[in-house]
Amino acid sequence: MAGTTVATPRIPARRAPAPRGSRGRNRRFLYWVATHAIAIALALMFLAPLIFMFLTAVMSGNETLSGGLWPRSWHWGNFGTALTTDNGVMLHWLLNTLIYAVLATVFMLVSSIPVAYALARFRFRGRKLAFVLVITTMMLPPQVTIVPMYIMWARFHLTGTLWPLIIPMLFGDAFSIFLLRQFLMTIPKEYADAARVDGCGELRTMLRVILPMARPAIAAVALFQFFYAWNDYFGPLIYTKPESWTLAVGLSTFRAAHHVEWNLTMAATLLTVLPVIIVFFLAQRVFIQGVTLTGVKG
Amino acid sequence: MAAALPVRSVTASRARRRHRLRVLAFMSPWLIGFALFFAYPLAATVYFSFYRYNLFQLTPIGLTNYRFLFKDPYAWQAIKNTLWLVVVMVPLRVLFGLGLAQLLSKIKRGGSILRSIFYLPFLIPPVAATVAFVFVVNPGTGPINGLAAKIGIHLPDWFNDPTWTKPGLTLLALWGIGDVMIILLASLLDVPKSLYEAAAIDGANAWQQFRRITLPTISPVLMFSAVTGVIQTLQYFTQAMVAANASQGNADQAGTTTAPGYPDGASLTFPQTLYNEGFQQFNMGYACVLALVLFVVAMFFTLVLLRQFHAFGDDD
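Residues numbered from 1 in each chain as written. Chains lettered and ligands numbered in written order. Predicted model: local features only at pLDDT ≥ 70, side-chain atom pairs only at ≥ 80, totals over all residues.

**Student:** I'd like a description of the overall build of chain B, backed by residues and values.
**Tutor:** When helices and strands are counted, chain B shows 13 helices and 2 strands. Scaling as 2.2 N^0.38, a compact globule of 316 residues should have a C-alpha radius of gyration of about 20 Å, whereas chain B reaches 26 Å, well beyond that. Taken along its principal axes, the extent of the C-alpha atoms in chain B is 95 × 75 × 30 Å. Taking all 316 residues of chain B together, the buried fraction comes to 43%. Long-range pairs, those at least 24 residues apart, make up 72% of the contacts in chain B between residues at least 6 apart in sequence. (Helix = DSSP H or I, 4+ residues; strand = E, 2+ residues; numbered from the N terminus. Rg over C-alpha atoms; globule rule 2.2 N^0.38 Å. Buried ≥ 20, exposed ≤ 12 C-beta atoms within 10 Å, placed from the backbone. Contact = placed C-beta atoms within 7 Å.)

**Student:** Tell me what's going on with the interface of chain A and chain B, and back it up with residues and numbers.
**Tutor:** Every contact between the two is made by 90 residues of chain A and, on the other side, 92 residues of chain B. The element contributing the most residues to the side of chain A that touches chain B is helix α2 (residues 21–57) of chain A, with 12 residues. When the residues that make up the side of chain A that touches chain B are grouped by side-chain class, the tally is 60 nonpolar, 24 polar and 6 charged. (Nonpolar A, V, L, I, M, F, W, Y, C, P; charged D, E, K, R; others polar.)

**Student:** An account of the confidence of the model for chain B is needed here, citing residue identities and associated values.
**Tutor:** All names here are of chain B. Mean pLDDT over chain B: 88, with 92% of residues reaching 70 or higher. In the model, residues 251–256 has pLDDT below 50 throughout and makes 17 contacts with residues more than four positions away in sequence or in other chains. For this predicted complex, the interface confidence score (ipTM) comes to 0.88, while the overall pTM stands at 0.87. (pLDDT = per-residue confidence, 0-100.)

**Student:** Quick rundown of helix α8 (residues 174–184) of chain A? Include the residues and the values.
**Tutor:** Counting buried residues in α8 of chain A gives 10 out of 11 residues, a clear majority hidden from the surface. For α8 of chain A, the set of buried residues is A174, S176, I177, F178, L179, L180, R181, Q182, F183 and L184 of chain A.

**Student:** So what's going on with the environment of T269 of chain A? Which residues, and what values?
**Tutor:** When you line up the elements, T269 of chain A lands in helix α14 (residues 262–282). Classification of T269 of chain A by C-beta neighbours within 10 Å gives buried; the count is 30. Put simply, T269 of chain A and W245 of chain A are 24 residues apart on the chain and 15 Å apart in space, counted from C-alpha to C-alpha. Apart from the residues within four sequence positions on either side, T269 of chain A is in contact with M53 and L251 of chain A together with A128, V131 and A132 of chain B.

**Student:** Account for the environment of R307 of chain B, naming residues and giving values.
**Tutor:** All names here are of chain B. Within the fold, R307 resides in helix α13 (residues 284–311). On the neighbour-count criterion, R307 (11 C-beta atoms within 10 Å) is exposed. In sequence terms R307 and Q57 are 250 residues apart; their C-alpha atoms lie 43 Å from each other.

**Student:** Now, about the packing of helix α4 (residues 77–121) of chain A against α8 of chain A: what can you tell me, with residues and values included?
**Tutor:** Residue and element names in this part refer to chain A. Contact pair α4 / α8: the axes reach a minimum separation of 8 Å and the direction vectors enclose 45 degrees. One way to sum up the angle between α4 and α8 is to call them oblique. Read as a crossing pair, α4 and α8 show a hand that is right-handed. Contacts between α4 and α8 involve M108, S112, I113, V115, A116, Y117, L119, A120 and R121 from the former and S176, I177, L180, R181 and L184 from the latter. The residue inventory of the contact of α4 with α8, partitioned by class, reads 10 nonpolar, 2 polar and 2 charged. (Axes fitted to C-alpha atoms, helices over the stretch in contact; angles between N-to-C directions. Parallel < 35°, antiparallel > 145°, perpendicular 65-115°, else oblique. Left-handed = near helix turned anticlockwise from the far one by under 90°.)

Here you go:
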């Protein structure tokens with residue numbers, strides 16, 4: 001599987017026939033220096049916005065306007081100020097975001113796992129069509145159906161809350177179904193057959209035998225769903241009102257509300273980004289395997 | 001035998017019925033979800049497109065919404081902008097992602113750290129990434145434009161200058177290249193080593209190896225990245241909207257005031273006009289026409305993608 005090859009350390013290609021003699025060796029050395037230099041330069045460029053974000057977040061208000069790169073004095077209190085400003089509105093956004101992200105993730109897992117299991121394991125008429133429709137709903141932009149969806153939620157008097165974003169997760173998420181199904185297809189049929197011979201029902205087979213083996217894929221979809229909700233802007237923008245704003249929508253208003261106080265805006269931005277960075281470094285392998293699973297064969 | 005047959009077929013049909021019920025039970029969340037949150041709203045989109053509707057009053061107006069599409073300057077501006085992004089941003093992202101993946105595939109020590117660094121910006125919440133990016137390249141106080149000015153390079157006023165807004169958004173999209181890069185890196189590492197060794201023995205140089213071995217092998221994945229890139233770009237919304245608001249300092253969460261797509265309509269994407277029409281002006285009928293345009297175009301690319309899945313041999 002492609003996902004695992006990424007994670008394993010690469011073996012130096014010692015056997016690649018090199019041009020002989022010192023000229024060849026020099027050329028290879030220069031090539032080595034060039035690739036590493038380019039890669040490191042690019043890595044610095046990729047990190048630069050994050051570094052500047054951090055440096056600006058700890059500057060004083062005036063200093064951000066002077067265009068200085070390095071803070072003359074370090075104002076760690078900016079993070080606290082960003083959190084507590086406007087009666088702690090950011091903490092309120094954080095709470096809303098967590099409600100959205102946690103419930104959406106739990107609901108998605110409960111509803112999507114059985115569907116993915118059925119698509120991967122059962123043979124039935126219309127299975128292929130169902131899979132094609134899953135991919136189609138996964139690919140189509142959410143804006144295509146947003147108008148009637150909004151009207152529907154307005155009739156239920158649920159606009160202005162996070163529920164229009166959470167409730168649909170009880171009914172399967174196309175991307176998660178797709179990714180889980182791709183993974184479940186790779187588990188040999190024999191395991192399920194053995195369980196069945198031992199008298200396990202289909203539900204028990206799924207819960208006791210197959211799901212423990214699918215843990216990496218389940219972890220991946222859970223993380224993706226959590227981050228999708230954490231990052232989602234379009235959904236909360238449509239449905240929520242200021243009391244139910246999430247971090248993403250709130251943050252987009254932060255700069256305007258705090259005008260020239262770029263230090264506070266950057267502190268708030270960094271606080272939004274930080275959990276993502278921490279979780280990414282803790283669960284890197286899960287992420288990268290998950291992404292690869294979506295892109296390469298079934 | 002005549003007596004045994006009916007018994008057997010009864011058990012067989014009971015087993016079949018149990019199987020059908022089981023399939024139905026496992027599939028039911030998705031079946032309900034598909035009907036309620038996809039099929040119904042899609043049909044309703046078609047229905048509302050023949051009406052004037054502002055959440056209170058529903059008036060049938062025939063094809064007026066469709067006719068208006070051809071006269072709506074915002075819609076055409078948005079189509080042009082979205083097309084620009086599809087034509088420029090998508091190919092650049094695939095090329096840059098391939099370049100980075102190729103570079104990473106050559107690096108043995110420290111490769112995993114570099115890979116994480118290149119992947120990380122993709123995970124940053126788009127709103128946060130955009131606000132931060134608008135700040136660091138802001139010409140007055142932004143560190144990057146400031147740094148460039150010190151060494152004598154005058155970078156443009158990215159998000160306040162209509163000509164540079166879309167290139168600025170493209171730069172932002174290249175920063176978040178992680179998804180494309182990881183998929184391409186995986187496919188590069190999947191190319192059998194023996195192919196390169198054989199080619200090297202035959203005297204093929206690096207370019208020839210890339211052209212004749214790497215490209216043909218990874219071309220399905222390249223295609224996949226390009227097509228999904230197009231579909232993602234059709235729904236490009238958050239970054240354009242947030243960049244416009246952050247650089248303008250607009251107090252409203254959305255581009256409610258004045259003309260949408262600051263500066264001068266340069267950042268107005270197609271989903272954004274849909275949002276403005278439907279959820280700012282409450283022309284919900286007309287917004288449905290825009291949604292249908294989006295549906296037709298996105299559906300075309302989705303069909304291309306589905307054929308690709310076929311090519312991956314997904315029909316067991």
